[in-house]
Amino acid sequence: MASIIKTVGDYKKLLSYQKADTIYQITFYFCHQYLKIGDRTIDQMIQAARSGKQNIIEGCADAATSAKLHISLLNVAKASLKELLEDYEDYLKTRNFRQWQKGDVEYEAMRELGRKQNEATYFMNLIKTRPSQTIANMAIILINQADYLLHRQIAKASEEFENEGGFSERMTRVRKERRGY
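The structure presented is a predicted model; accordingly, all values stated were derived computationally and were not measured.

**Points about helix H4 (residues 105–116)**
Here's step 1: Here H4 spans 17 Å end to end across 12 residues, near enough to the 16 Å set by a 1.5 Å rise per residue.
Here's step 2: Residues Tyr107, Met110 and Gly114 constitute the buried set of H4. What you see down the axis of H4 is that its buried residues fit within an arc of 70°, all on one side. Turned more than 90 degrees away from the buried face of H4, the exposed residues are Val105, Arg115 and Lys116.

Structure representation (structure tokens):
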């Protein structure tokens, strides 16, 4: 017999969540270290980073009964991280710091590190020895990686919905099976 409630895995094992958690911790540190007390950007950046992480959690929890909410909340996480990306880019621009570009040694090294490493503690130890512009560039690359992972996660959730339907369809299938249709 089919199940009405979809089985959902542990969100903490998702690479997108691990990246978002790392981004949140880096952002919290960055804002308190390098932005002036009273700057509204502090709250906005921390909330955007938090929203990215928390919406992955909520979206995954909602996946059990609502494909629509699951996909929607993953997209909210993606949008929040895009907002945060712009804040980091603005930080670099307004202070005349260089943003790493594809092909730059630092950019390529950080992309590779971001592909291999998902432990927040690893990055937290690393950033405590780096200047603000390096941390901002590192965060930008991690945000872009999280965005890519969320894009893939949304595409997979959409495909699952197309192939399997949502909660209502599962309810109908279970009722039909029970009635012998």
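**Re the packing of helix H1 (residues 15–34) against helix H2 (residues 40–62)**
Here's step 1: Between H1 and H2, the least distance of the axes is 9 Å, while the angle of their chain directions is 165°. As far as their axial angle goes, H2 and H1 are roughly antiparallel. With respect to the hand of their crossing, H1 and H2 are arranged in left-handed fashion. Across from Ser16, Tyr17, Ala20, Asp21, Ile23, Tyr24, Thr27, Phe28, Phe30, Cys31 and His32 in H1, the residues of H2 making contact are Ile42, Met45, Ile46, Ala49, Arg50, Gly52, Lys53, Ile56 and Ile57.
Here's step 2: Residues belonging to the contact of H1 with H2 are distributed by class as follows: 13 nonpolar, four polar and three charged.

**Topic: the pattern of salt bridges**
Here's step 1: All chains considered together, the criterion is met by nine salt bridges.
Here's step 2: When the shortest N-O distance is used, the salt bridge between Asp90 and Lys93 registers 3.6 Å. Highlighted residues: Asp90 and Lys93, both in helix H3 (residues 67–94), separated by three residues, approximately one helical turn.
Here's step 3: Overall, Asp90 belongs to the partly exposed group, its relative accessible area being 31%.

Criteria and cut-off values
Residues numbered from 1 in each chain as written. Predicted model: local features only at pLDDT ≥ 70, side-chain atom pairs only at ≥ 80, totals over all residues. Heavy atoms only, no water. Helix = DSSP H or I, 4+ residues; strand = E, 2+ residues; numbered from the N terminus. Expected span 1.5 Å × (residues − 1). Buried < 20%, exposed > 50% of the residue type's maximum accessible area, 1.4 Å probe, protein only. Arc of directions from axis to C-beta. Axes fitted to C-alpha atoms, helices over the stretch in contact; angles between N-to-C directions. Parallel < 35°, antiparallel > 145°, perpendicular 65-115°, else oblique. Left-handed = near helix turned anticlockwise from the far one by under 90°. Contact = heavy atoms within 4.5 Å. Nonpolar A, V, L, I, M, F, W, Y, C, P; charged D, E, K, R; others polar. Salt bridge = Lys/Arg side-chain N within 4 Å of Asp/Glu carboxyl O.

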